[in-house]
Protein chains: 2
Amino acid sequence: MIAEIIAVGSELLTPFRQDTNSLYLTAQLNSLGVEVEFKTIVGDRLRDIVRVTSTALSRADVLFFSGGLGPTEDDLTREAVAETLGLGLRRDAEILESIERRFAERGWKMSANNAKQADVINGATVLRNDQGTAPGQWISGKANGEEKIIVLLPGPPHELKSLFESSVLERLRARVPKQVLASRVLKITGMGESACDARVAPIYKRYPDVSTTILAVPGEIQLHVSTRTQSAEAAEERLDKLVGDIEGELGDYVYSDNGDSLEQIVNYYLQMRNATIAVAESCTGGLVAERLTSITGSSRSFIGGAVVYSDALKTHLADVPADVIDVYGAVSEPVARALAEGIRKRCGCTLGLGITGVAGPTGGTAEKPVGLVFHALAGEHGTQVVKRNFAGDRARVRWFASQQALDMVRRKLM
Amino acid sequence: MIAEIIAVGSELLTPFRQDTNSLYLTAQLNSLGVEVEFKTIVGDRLRDIVRVTSTALSRADVLFFSGGLGPTEDDLTREAVAETLGLGLRRDAEILESIERRFAERGWKMSANNAKQADVINGATVLRNDQGTAPGQWISGKANGEEKIIVLLPGPPHELKSLFESSVLERLRARVPKQVLASRVLKITGMGESACDARVAPIYKRYPDVSTTILAVPGEIQLHVSTRTQSAEAAEERLDKLVGDIEGELGDYVYSDNGDSLEQIVNYYLQMRNATIAVAESCTGGLVAERLTSITGSSRSFIGGAVVYSDALKTHLADVPADVIDVYGAVSEPVARALAEGIRKRCGCTLGLGITGVAGPTGGTAEKPVGLVFHALAGEHGTQVVKRNFAGDRARVRWFASQQALDMVRRKLM
């Protein structure tokens, strides 16, 4: 069973607004075993909505519309769906009365344009909206000889969600083949997308019943795997096996198999090992501290740190000897090492992180180009330093450096 | 001229990911006077991409694809567009060589799957990608007797943007009817959306030729205004007048009228006043430092700071007297004040910022609930402290606190 989600609204075709209802609807549909194969965003023009509806009927079994059910002249989803299906609209007296009552209860007079929200497509089931004026509509029947389900939902997210849960979910469950969709997200850091795919493709190809998507985001690779069966146990067992095979191949490049972020994993290891950490950051400017402290409960392991942009402050807050900076320069292995060791000692922590580099876009030289970053992790038994050359703009270099630094902590504690 | 944007990628049909490239592309197309009338999101299935391409050709003049140009078997945009247009693909020796070189420069061996990124649709112009391996492609010609432009761009946003700016913008400008779209973004902080709209709606309604969108994002309101005319001067003059009227009404709540972020504005003021700043952060955990240092050139005014999660570190790195913490508690006005004054003095800066609060979700008490934050700004002539109670989750509280702190610096230097 294939679904298409159609978001209606000219504001969703501007640079400033984005359809987000489809993420919620996709999660709901997936949980019933229904895949979303297409999403379309269309403006408030009758002709365009008709065109989009007609296309969707030709390629999907279940059509979800969000938006375009309000009272203004721009709200045309009802009209367009009725026209595409060759059905008429009737004004429903009961809905009209409930809209009028809603206004009266607030002491307002209903303006005439609101009446169109009581228009119902012939044959549609009205889905009551407890959170707003415009009800949803459910239409099921044959179009071009095929069974279709068409659901019209209001655009405001809280109305859409409430209406979906109260009136759509069970109705839909009764209509779809009983199925279970199980899914996992593996997160991998320290290798590139194509290198990763080259290693895991031979594995996931042995699982034709599992759908695998490989996704590169800055500083990490995500593998989304999902499968659909009749029983939850069978699905979980199948995914356990695939995930086990992939982890066997990639080893500790996989940092999470339950969707956790790298900072969550690092916090988790720190607490499991009863370890504490402090950071001294130059080019990342607080990003590593910010990521670590974004996690609830991080205060148990994260003690604090210093953001040391100036050379003087590297000495003053993290005890980097001034002559080390003079001899090697602020962006150097010895300074990274001294930052990590200095902040560790000063904060009395199990671990100390030091980061220094050239974030760019200015400040690079032939010897020390933009993207050059030294990452140091100091512990009880010594200090490890990793030198990297990251490509990209300032934000990207900083992000990659924070990713590398956190990954060093993860690997140290694993 | 009508555009359709097609985002390709099965991950964009999951509940976890969303196409964001289309927002950037829409802004660019609008600036050339091209309206986006449809957006489509489709997975990595050849048959589906062909179907979507064919539909788009029937309703739009300009088609932009993002994604599906990578090295994996899932990357099928090239193949699908070629098939829809009835064109073949050729493997381009020059691109192949540049991909191989890219790998060699990093000391890696190119795996075989990367070669498909050198496949070019017959008749297409290759658009060089400086940020990644997969080049873009530009195809223009007749389809079903109508003139069409089809542009294939890589999915990673930094690649897409860089490629659009270097190779697409001018090529497209030469092909579209000359029109001017002028737009401005006003950013407002320190007031709510409905309060803001109540004050500015009577103003923008006097400008029916200007389209105004009001948009609430965490910690600020954005007013997007735009108008379309034949002459740039007329458009700019009209927007100058509207923006002047709005700024007259809202005064210093407006912190930017050219789209700059709050951290950019703060950096700009710091440099204009020849001032330097240091920060001592508790609950924001490095977020303020991270935001300030995200700006190129911030090292001229941002000296550094301390992230002081533990009480001991508040004393040790920012010289907060231990008895002040004992008497008033870590989350208190005197501690915020001492953080600001301590870090200012220690770093020898013009200004010192101190932030302490309860980010949540745990750690709140009846007296000091989650969301309570003290922000202090110390300068030559004394220290100002602002107490706020923010609603929302940990990320929201931290963001609002950073916004408040930066806004205090802006107002101080204005």
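Please read these numbers as outputs of a predicted model, since none were measured by experiment.

S.K.: What's the story with the overall build of chain A in this structure? I'm lost.
M.R.: Counting its secondary structure elements, chain A contains 13 helices and 17 strands. Relative to the globule expectation of 22 Å for 414 residues, the C-alpha radius of gyration of chain A, 28 Å, shows a markedly less compact shape. Seen through its C-alpha atoms, chain A measures out along the principal axes to roughly 85 × 55 × 40 Å. Within chain A, the fraction of its 414 residues that count as buried is 49%. Considering only residue pairs separated by 6 or more positions, chain A has 66% of its internal contacts joining residues 24 or more positions apart.

S.K.: Help me understand helix α4 (residues 93-105) of chain A, please; the structure alone is not making it clear to me.
M.R.: Counting along an α-helix, one turn takes 3.6 residues, and residues three or four places apart therefore face a common direction. End to end, α4 of chain A covers 18 Å across 13 residues, agreeing with the expected 18 Å (1.5 Å per residue, within 8%). Looking one or two residues past α4 of chain A, G107 of chain A carries a phi angle of roughly 75°, positive in sign.

S.K.: How should the packing of helix α1 (residues 21-31) of chain A against helix α5 (residues 157-173) of chain A be read in this particular structure?
M.R.: Helix packing for two helices is described by the angle between their axes and how far apart those axes are. All names here are of chain A. Interhelical geometry of α1 versus α5 gives an angle of 20° and a closest axis separation of 10 Å. As judged from the angle between their axes, α1 and α5 are roughly parallel. In this structure, the crossing between α1 and α5 has a hand that is right-handed. Residues N21, Y24 and Q28 of α1 pack against P157, L160, K161, F164 and L169 of α5.

S.K.: In this structure, what is going on with the packing of helix α2 (residues 46-59) of chain A against helix α3 (residues 77-85) of chain A? I would like to understand it.
M.R.: Residues and elements named next belong to chain A. For the pair α2 and α3, the least separation of the axes is 9 Å and the interaxial angle reads 50°. In terms of orientation, α2 lies oblique with respect to α3. As α2 runs across α3, the sense of the crossing is right-handed. Residue-level contacts link L46, I49, V50, T53 and S54 of α2 to T77, E79, A80, V81, E83 and T84 of α3. Grouping the amino acids of the contact of α2 with α3 by side-chain chemistry returns five nonpolar, four polar and two charged.

S.K.: I keep staring at the sheet that holds strand β12 (residues 254-256) of chain B and nothing clicks. Help me out?
M.R.: Pairing between the strands of a sheet is mediated by backbone hydrogen bonds and can be parallel or antiparallel. Residue and element names in this part refer to chain B. With antiparallel pairing, the four strands of this open sheet are ordered in space as β10-β11-β9-β12. Strands at the two margins of the open sheet, each flanked by one partner only, are β10 (211-217) and β12. Strand-to-strand twist in this sheet, taken as the mean axis angle between neighbours without regard to direction, amounts to 30°. Strand direction decides the pairing type here: strand β9 (residues 180-188) and strand β11 (residues 220-229), joined by nine bridges, are antiparallel. The partner of S183 across the bridge, within β11, is S226. Packed onto the sheet, helix α7 (residues 232-250) meets β9, β11 and β12 and runs at close to 15° relative to β9.

S.K.: Is there a simple way to think about the interface of chain B and chain A in this case?
M.R.: Reports of interface size often rely on the accessible area that becomes lost once the parts have come together. Each side of the interface is counted separately: chain B has 58 residues, and chain A has 58 residues. Going through the elements one at a time, α1 (21-31), β2 (35-42), α2 (46-59), β10, α9 (287-293), β14 (302-308), α10 (311-318) and α13 (394-413) of chain B are the ones with two or more residues in the side of chain B that touches chain A. Taken together, the residues of the side of chain B that touches chain A break down into 23 nonpolar, 27 polar and eight charged. Here strand β14 (residues 302-308) of chain A pairs with β14 of chain B via five bridges, running antiparallel. Opposite G304 of chain A, over in β14 of chain B, you have V308 of chain B as the bridge partner.

S.K.: Could you clarify how one ought to interpret the domain arrangement of chain A in this entry?
M.R.: For chain A, the assigned domains are domain 1 (2-173), domain 2 (180-256) and domain 3 (262-413). Here the C-alpha centroids of domain 1 of chain A and domain 2 of chain A sit 36 Å apart.

S.K.: Could you clarify how one ought to interpret the confidence of the model for chain A in this entry?
M.R.: Close reading of the predicted structure is inappropriate where its pLDDT is low. Of all residues in chain A, 100% attain a pLDDT of 70 or more, and the chain-wide mean is 93. We note a pTM of 0.80 for the whole complex and an ipTM of 0.79 for its interfaces.

S.K.: How should the pairing of β14 of chain A be read in this particular structure?
M.R.: Consecutive residues of a regular strand have side chains that alternate between opposite faces of the sheet. Residues and elements named next belong to chain A. Among the seven residues in β14, seven count as buried, and that is most of the element. Strand direction decides the pairing type here: strand β13 (residues 277-281) and β14, joined by five bridges, are parallel. By the bridge assignment for β14, A280 is matched with A306. Handedness of the β13-helix α9 (residues 287-293)-β14 crossover: right-handed.

S.K.: Please explain the environment of Q117 of chain B as it appears in this structure.
M.R.: All names here are of chain B. Turning to its location among the elements, Q117 is positioned in the loop between α4 (93-105) and β5 (119-121). Along the primary structure Q117 and M272 are separated by 155 residues, whereas in three dimensions their C-alpha atoms are 47 Å apart. Not counting residues within four places of it along the chain, the set of residues in contact with Q117 comprises L69, P71, I99, T133 and A134.

S.K.: Looking at this structure, I do not really get the sheet that holds strand β13 (residues 277-281) of chain B. What am I missing?
M.R.: Ordered by their spatial adjacency, ten strands build an open sheet running β17(A)-β16(A)-β15(A)-β13(A)-β14(A)-β14(B)-β13(B)-β15(B)-β16(B)-β17(B), and the pairing between neighbours is mixed. Every other strand in the sheet has two partners, leaving β17 (382-389) of chain A together with β17 (382-389) of chain B as the edge strands with one partner each. The average angle at which neighbouring strand axes cross in this sheet is 10°, direction not considered. Docked against the sheet, helix α10 (residues 311-318) of chain A engages β13 and β14 of chain A together with β14 of chain B, running at close to 155° with respect to β14 of chain A.

S.K.: Help me out: how do you make sense of α10 of chain B in this one?
M.R.: All names here are of chain B. Looking at α10, one finds that the buried residues are L313, K314, L317 and A318. Mapping the buried residues of α10 onto a view down its axis gives an arc of 110°, with all of them on the same face. In the stretch just after α10, D319 is the one whose phi turns positive, near 60°.

S.K.: Help me understand the nonpolar core, please; the structure alone is not making it clear to me.
M.R.: Most often, soluble globular proteins keep nonpolar side chains buried together rather than apart. Membership of the largest hydrophobic core comes to 137 residues, with the highest contact counts inside it found for I277, L339 and L353 of chain A together with I277, L339 and L353 of chain B. The contact partners of L339 of chain A, leaving out residues within four places of it in the chain, are A280, K314, A318, V320, G354, T356 and A376 of chain A. In terms of nonpolar packing, the next biggest core, distinct from the first, is built from 86 residues, L29 and L85 of chain A together with L25 and V81 of chain B among them.

S.K.: Before we go on, may I ask you to explain unusual backbone geometry in this structure?
M.R.: Peptide bonds are, in most cases, trans, and in most cases residues other than glycine have a negative phi. The linkage connecting G360 of chain A with the following residue, P361 of chain A, adopts the cis geometry, with an omega of 0°. Positionally, P361 of chain A belongs in the loop between β15 (351-357) and β16 (372-379). Unlike most non-glycine residues, N274 of chain B shows phi in positive territory, near 55°. Relative to the elements of secondary structure, N274 of chain B occurs in the loop between α8 (262-272) and β13.

S.K.: What is the right way to look at the pairing of β15 of chain A in this model?
M.R.: All names here are of chain A. For β15, a buried count of seven out of seven residues is recorded, marking the element as mostly surrounded by other parts of the structure. Covered by surrounding structure in β15 are L351, L353, I355 and G357 together with G352, G354 and T356, the residues of both alternating faces. Note that β13 and β15 share five bridges and pair parallel. Bridging across to β15, A280 finds its partner in G354.

S.K.: Sorry, what's going on with the environment of A60 of chain A here?
M.R.: Residue and element names in this part refer to chain A. Along the chain, A60 falls in the loop between α2 and β3 (62-66). The class for A60 is buried, based on 23 C-beta atoms found within 10 Å. Taking the C-alpha atoms as reference, A60 lies 15 Å from L152; in sequence the two are 92 residues apart. With near-sequence residues (within four places) excluded, A60 lies in contact with I2, A3, E4, E37 and F38.

S.K.: How do you make sense of the environment of V200 of chain B when you look at a structure like this?
M.R.: Residues and elements named next belong to chain B. Looking at the element boundaries, V200 is found in helix α6 (residues 193-204). Here the alpha-carbon distance between V200 and V397, two residues 197 residues apart in the chain, equals 27 Å. Sequence-distant contacts of V200, that is, excluding residues within four places in its chain, are made with L223, I246, E249 and L250.

About the criteria used
- Residues numbered from 1 in each chain as written.
- Chains lettered and ligands numbered in written order.
- Predicted model: local features only at pLDDT ≥ 70, side-chain atom pairs only at ≥ 80, totals over all residues.
- Helix = DSSP H or I, 4+ residues; strand = E, 2+ residues; numbered from the N terminus.
- Rg over C-alpha atoms; globule rule 2.2 N^0.38 Å.
- Buried ≥ 20, exposed ≤ 12 C-beta atoms within 10 Å, placed from the backbone.
- Contact = placed C-beta atoms within 7 Å.
- Expected span 1.5 Å × (residues − 1).
- Axes fitted to C-alpha atoms, helices over the stretch in contact; angles between N-to-C directions.
- Parallel < 35°, antiparallel > 145°, perpendicular 65-115°, else oblique.
- Left-handed = near helix turned anticlockwise from the far one by under 90°.
- Nonpolar A, V, L, I, M, F, W, Y, C, P; charged D, E, K, R; others polar.
- Pairing = 2+ DSSP bridges.
- Domains from an automatic or database assignment.
- pLDDT = per-residue confidence, 0-100.
- Right-handed = clockwise from strand over helix to strand, strands pointing away.
- Arc of directions from axis to C-beta.
- Core = buried A, V, L, I, M, F, W, Y, C linked by C-beta atoms within 7 Å.

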